[in-house]
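Summary of the model geometry
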Amino acid sequence: MIEHVHTHITNELQQNTKTDTIFILTAILLNLITLAVNSGLVEKSRTQSSSLAVMFVFVFLIVIVNIVVIFGLLKGRQTRNKLANGLIAMYKDQNVDKYYDETLLGNYNVRYNLFMMVVICSGVIATIVPFILR
């Protein structure tokens, strides 16, 4: 039974990683596409208010998607910590905990923080640069 639980937890960790990867890639891709679109609209936005309105709609989209991604990553970090703590408890019960370095949990948290910084920075750049160009 313990092998089944171990397999289940490791599968959940793998799924968590895939979900986090999708969140991160989606946010960065959206930010870059929006940066390109809004930068392309800069010239028209000087004379057409509709182009400026479109730019603001894309900014709103960036904000909403980035907020969703950040919350998703926060939940992903929380889930990873719970699953890893479960594995550590299981390893301690089986006297194999010496093979899993608990400092990895801190490394995972730092990595999540870095991912969130990348999402936030790319979102801020995608929002600000077109308006600076304007």
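Right above here is the structure, for reference.
Residues numbered from 1 in each chain as written. Predicted model: local features only at pLDDT ≥ 70, side-chain atom pairs only at ≥ 80, totals over all residues. Heavy atoms only, no water.

Structural notes on unusual backbone geometry
For Asn95, which is not glycine, the phi dihedral falls at a positive 60 degrees. Here Asn95 lies in the loop between helix H2 (49-93) and helix H3 (104-133). The exposure class of Asn95 is exposed, given its relative accessible area of 63%. (Helix = DSSP H or I, 4+ residues; strand = E, 2+ residues; numbered from the N terminus. Buried < 20%, exposed > 50% of the residue type's maximum accessible area, 1.4 Å probe, protein only.)

Regarding a nonpolar patch on the surface
Taken together, the side chains of Val63, Ile67, Phe71 and Leu74 present a nonpolar region at the surface, about 350 Å² in accessible area. Mapped onto the elements, Phe71 comes out in helix H2. (Patch = residues over 30% accessible without salt bridge, like charges linked within 9 Å, V, L, I, M, F, W, Y side chains within 5 Å. Areas by Shrake-Rupley, 256 points an atom, 1.4 Å probe, with all protein chains shown as cover. Salt bridge = Lys/Arg side-chain N within 4 Å of Asp/Glu carboxyl O.)

Overview of the pattern of salt bridges
One pass over the structure, following the stated rule, counts two salt bridges. Notably, a salt bridge pairs Arg46 with Glu43, separated by 2.9 Å at the nearest N-O pair. Here Lys92 makes a salt bridge to Glu102, at a shortest N to O gap of 3.3 Å. Residue Lys92 is located in helix H2, and its partner Glu102 is located in the loop between H2 and H3; the two are separated by 10 residues in the primary sequence. With a relative accessible area of 40%, Lys92 lands in the partly exposed category.

Distances and angles like these do not, on their own, reveal function.
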